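What follows is the residue order along each chain.
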Amino acid sequence: MSSAASDSIFSPVNAAAPNTAEPRRFAALGEAELDALIERVREARDHDLALDASDLSLLLEALMTLASVHERLEHDDLTITKLKKLLGLVRSSEKLAGLGALAGGAGAGDDTADGTKGRSGSRKSPPRNKPPLAPPKPTVHHHPLAGLARGQCCPACAKGRLYKYQPAEFTRIVGHPPYSAERHVSEQLRCNGCGQIHRAELPEAVTADGAAGQAYGYSARAVMGIAKYFDADPFFRQQTVQGLFGLSLSASTIFDQCELLADALNPLYRALQRVVAGSAVFHIDDTTHRILEAKPVKKRRGGVERTRSGVYASALLGTVRDDEGGRDGADGGEAERRVVLYQTNIGHAGEWLEQILAHRPAGLDPPIVMSDALSSNRVHGHTVRIASCNAHARRGFVEVASHYPEQVRFALETYQRVWAGETHCREHGLDPGARLAYHQGHSAEPMATLRAWCEDQLEGGTVEANGTLGQAMGYVLRHYENLTLFLREPAAPIDNNEIERLLKLVVRARKNSSFYRSELGAGVSDVITSVLGTCHENGLNAFDYLCAVQRHAELVRGEPERWLPWNWKLAAAAIEMAGVTPET
C-alpha cells in the first residue's frame with residue numbers, strides 16, 4: 001500500500017491491533033490495518049498457514065463489497081455520490097435538514113408558502129395496526145405459611161391470636177430458553193390372551209402441539225420460522241445461540257422444520273395471491289438477490305424472448321376487504337386488510353404482478369400500480385393506472401446536492417410542501433375524496449411550479465440535459481403525469497415508501513445470510529416471510545396463527561380462504577363448536 005494514500009481508505013479510524021476482542025469491519029480499516037491484513041494474507045500464502053477467523057471474516061466482507069461494487073458498475077446510473085454511499089464513505093440522509101450542502105436553507109420546521117408547517121422528515125408510512133400488547137400472563141404460585149395456622153397464638157407477642165389476612169404478592173418476569181424438551185410417558189397395559197395393547201391417551205394440550213411421536217412441536221417450528229424469516233437470524237446463528245442455552249439444535253434441523261412449516265403455509269400463500277388480485281392499489285418493487293443453484297431461463301415478455309439470469313426478490317402490497325371486519329375477525333363490520341407478499345426468482349416485480357392479475361375478478365376498475373419508473377416494473381397484458389414514486393424523483397435531486405446546492409434546495413423545498421400536505425391528510429384522517437380535494441388545492445401548485453422550473457432550466461440552457469442535475473429534472477418531466485396521479489385519483493399514493501419499508505425484511509435477511517443455496521430455500525423463505533409480513537401489517541398474533549394452521553393443516557389445505565390471518569379464529573371456533581379434533 002502506498003504511503004501517499006490517505007490515512008483511512010474508507011473512513012477515519014484509529015489504528016488498532018488486528019485481532020481485538022471486538023470484530024472489525026472491513027469498511028472501517030485504516031491504512032495501517034489494511035497493510036497489516038495484506039501482509040498476513042501474503043504470509044499465510046507463502047508458508048501455507050491458516051488465517052485467523054477474524055481475518056477470514058474481513059476478507060469475506062471485502063469480497064462481498066467488491067461484488068456489490070462490480071454489480072453496480074454494470075449499471076450506467078452509478079454516480080460518485082452513490083459509490084461513496086455504497087462504500088460507506090458518506091452518511092445516507094435524504095432529509096433537507098440533514099444535507100450538509102444545503103445548510104442554511106429551510107429546515108424541517110420552516111413554514112411553507114401556504115402557511116403549512118413544512119416537514120422535510122415527514123415522509124413516513126402511515127401508522128400500522130399493532131397487536132394488543134399486555135404483560136405476560138403470570139403463573140400463580142401459592143406459598144403456604146409453614147408452622148402457623150389461623151387461631152394460633154402469635155409467636156411474636158404470645159398474647160394475640162392469628163387470623164387470615166390479605167396475602168403478600170408480587171409479579172416477577174422470568175427468562176426461559178426459546179426451546180425446551182418434554183418427555184411424554186404413556187402407561188400401557190397388554191392383554192396376555194390376545195396381545196392387545198391399551199395405551200393412555202395424551203392430554204389435549206399435548207396433541208394440540210403436534211401428533212404423538214412428533215419430535216418438534218408446532219410451537220417450536222413457529223419460533224424457528226419467526227426467528228429466521230422475520231428476525232433474520234441465520235440458521236447457524238440460531239444453532240450457536242442455542243448452544244449458549246446449553247441446547248443442541250443443528251442448523252440443518254432448523255431448516256427441515258421451517259420447510260415443514262412452509263408446507264403447511266403454502267396453501268395460504270397461494271390463497272393470499274388470489275384474494276389480493278382484487279386490490280384497488282398495488283405497491284410493487286424488487287431488489288437484487290442470489291440463488292447459487294439458479295440456472296438461466298428463457299422468458300418471453302413484451303413479445304421478445306430473452307435468456308435471463310438475474311435473480312430478484314420482489315415485494316407486493318395490496319389491500320382486501322374483510323366482510324367480517326374487526327381485529328382477528330372478532331367484531332362486526334367491514335375492515336380493510338393489508339396483504340404483503342414476496343417472491344424470489346429470475347424475474348421482476350412487474351412480471352409477478354401480471355401473474356397475480358390473472359386472478360383478478362372481472363368487472364373491477366383497472367388497479368393503480370405504484371412503483372418506480374423502471375420498465376421492469378411495468379405490467380403487460382392488463383389495463384392498469386400507473387403511479388410513479390415522488391420519493392424517487394426527489395432522490396434524484398438529493399444525490400446531486402453537493403454540486404448544485406441552490407437548485408436542489410429549491411426542488412426540495414417545493415417538494416416539501418407536497419409531503420406536508422400528505423401529512424396533513426393523514427393526521428386529520430381525511431377519506432380518499434377529501435384527501436384528493438386537499439391535494440388539488442395545496443399540492444397541485446407546487447408540482448406545477450416544479451415542472452415549470454425544470455422546463456425553464458433545461459430549455460433555457462441553464463442546466464445541461466445530460467448532466468446529473470439535468471437527468472433529475474428530465475425524470476420529473478418524463479414521468480410527470482404518473483407522478484401527479486394522486487392529483488387526479490382519490491386512492492393514488494404519493495410515493496412508494498410503503499413497499500420500500502417492507503423490502504427491508506428481505507434486505508435484512510440478505511445482509512445476514514447473503515444468499516439462498518437453492519430455489520427450494522428461496523421458496524420456503526417467500527412463503528413464511530409473506531405470512532409473517534401480512535400478520536405484522538394487520539397487527540395479528542403470528543405465533544398463535546402459525547400453530548393453528550399447522551394443527552389444522554388438512555382443513556387449511558381444503559379451504560385456505562377460511563384460514564387467512566384475519567379470519568382464522570372464526571374457522572377455529574366453528575371447528576371447536578362442531579367437536580372436530582385436529583388431524584394427527
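No experiment lies behind these values; they were computed from the predicted model shown.

J.: Mind showing me how you'd approach the overall build of the protein chain here?
T.: Helix and strand content of the protein chain: 20 helices and nine strands. Within the protein chain, the fraction of its 584 residues that count as buried is 41%. Pairs at least 24 apart in sequence give 67% of the contacts found in the protein chain among residues at least 6 apart. Carbon together with sulfur atoms contributes 53% to the accessible area of the protein chain, which is approximately 33000 Å² in total.

J.: Is there a simple way to think about the packing of aromatic side chains in this case?
T.: Aromatic rings in a pair are described by how distant their centres are and how their planes are angled relative to each other. Enumeration over the complete set of coordinates arrives at six aromatic pairs. Between Phe397 and Trp453, the ring centres sit 6.3 Å apart and the planes meet at 40°, which makes this aromatic pair tilted. Residue Phe397 is found in helix α9 (residues 390-398), and its partner Trp453 is found in helix α12 (residues 444-459); the two are separated by 56 residues along the sequence. Both residues of the pair, Phe397 and Trp453, belong to the buried class. Taking the ring centre of Phe235 as reference, the NZ or CZ of Lys228 above it sits at 5.1 Å. Across the ring face of Phe230, the terminal group of Arg508 is positioned such that the distance to the ring centre comes to 5.9 Å.

J.: Would you mind going over the sheet that holds strand β8 (residues 368-371) with me for this structure?
T.: In any sheet, the strands associate via hydrogen bonds between backbone groups, in a parallel or an antiparallel arrangement. Pairing is mixed across the open sheet formed by five strands, whose spatial order is β7-β6-β3-β8-β9. On the outer flanks of this sheet lie β7 (335-345) and β9 (385-388), each paired with one strand and no other. With direction set aside, neighbouring strand axes in the sheet form an average angle of 25°. Alignment of strand β6 (residues 312-322) against β7, held across 11 bridges, turns out to be antiparallel. Within the sheet, the bridge partner assigned to Leu316 lies in β7 and is Leu341. Sheet contacts for helix α16 (residues 504-513): β3 (281-288), β6 and β7; angle to β3, the most-contacted strand, approximately 15°.

J.: Sorry, what's going on with the pattern of salt bridges here?
T.: Proximity of charged atoms lets side chains of opposite charge pair with each other. Counted under the stated rule, the structure contains 20 salt bridges. In this structure, Glu351 engages Arg308 in a salt bridge whose closest nitrogen and oxygen atoms are separated by 2.7 Å. Of the two residues, Glu351 is situated in helix α8 (residues 349-357) and Arg308 in strand β5 (residues 304-308); the sequence distance between them amounts to 43 residues. Both residues of the pair, Glu351 and Arg308, belong to the buried class. With a closest N to O distance of 3.7 Å, Glu481 and Arg488 form a salt bridge. Here Glu481 falls in the partly exposed class, since its relative accessible area comes to 48%. Of the residues examined, Arg488 reaches a relative accessible area of 40% and is grouped as partly exposed. Three or more residues joined by partner-sharing salt bridges are found here, namely Arg338, Glu498, Arg501 and Glu537.

J.: Please explain a nonpolar patch on the surface as it appears in this structure.
T.: Residues Val241, Phe245 and Leu247 make up a contiguous nonpolar surface patch of roughly 220 Å² in combined accessible area. With respect to the helices and strands, the residue Leu247 is situated in the loop between α6 (235-244) and α7 (251-276).

J.: Looking at this structure, I do not really get the environment of Asp233. What am I missing?
T.: Along the chain, Asp233 turns up in the loop between α5 (218-229) and α6. Here the alpha-carbon distance between Asp233 and Asn512, two residues 279 residues apart in the chain, equals 7.2 Å. The contacts of Asp233, once residues within four sequence positions are left out, are Ala227, Lys228 and Gln238.

J.: Would you take a moment to explain unusual backbone geometry for this structure?
T.: Glycine aside, negative phi is the norm for most residues, and most peptide bonds take the trans geometry. A positive phi is found at Asp48, a non-glycine position, where the angle reads about 55°. Tracing the backbone through its elements, the reader meets Asp48 in the loop between α1 (31-47) and α2 (53-73). Judged by its relative accessible area of 73%, Asp48 is exposed. Even without a glycine there, the phi angle at Ala158 is positive, about 60°.

J.: How should the packing of helix α17 (residues 519-537) against helix α18 (residues 542-551) be read in this particular structure?
T.: Any two packed helices are characterised by the angle at which their axes cross and by the distance between the axes. Running from N to C, α17 and α18 cross one another at 135°; their axes reach a closest spacing of 10 Å. It follows from the interaxial angle that α17 and α18 lie oblique. Handedness of the α17/α18 crossing: right-handed. Touching Val531, Leu532 and Cys535 of α17 are Ala542, Tyr545 and Leu546, all from α18.

Conventions used here
- Residues numbered from 1 in each chain as written.
- Predicted model: local features only at pLDDT ≥ 70, side-chain atom pairs only at ≥ 80, totals over all residues.
- Heavy atoms only, no water.
- Helix = DSSP H or I, 4+ residues; strand = E, 2+ residues; numbered from the N terminus.
- Buried < 20%, exposed > 50% of the residue type's maximum accessible area, 1.4 Å probe, protein only.
- Contact = heavy atoms within 4.5 Å.
- Areas by Shrake-Rupley, 256 points an atom, 1.4 Å probe, with all protein chains shown as cover.
- Phe/Tyr/Trp six-rings, centres within 6.5 Å; stacked < 30°, edge-to-face > 60°.
- Lys NZ or Arg CZ within 6 Å of the ring centre and 35° of its normal.
- Pairing = 2+ DSSP bridges.
- Axes fitted to C-alpha atoms, helices over the stretch in contact; angles between N-to-C directions.
- Salt bridge = Lys/Arg side-chain N within 4 Å of Asp/Glu carboxyl O.
- Patch = residues over 30% accessible without salt bridge, like charges linked within 9 Å, V, L, I, M, F, W, Y side chains within 5 Å.
- Parallel < 35°, antiparallel > 145°, perpendicular 65-115°, else oblique.
- Left-handed = near helix turned anticlockwise from the far one by under 90°.

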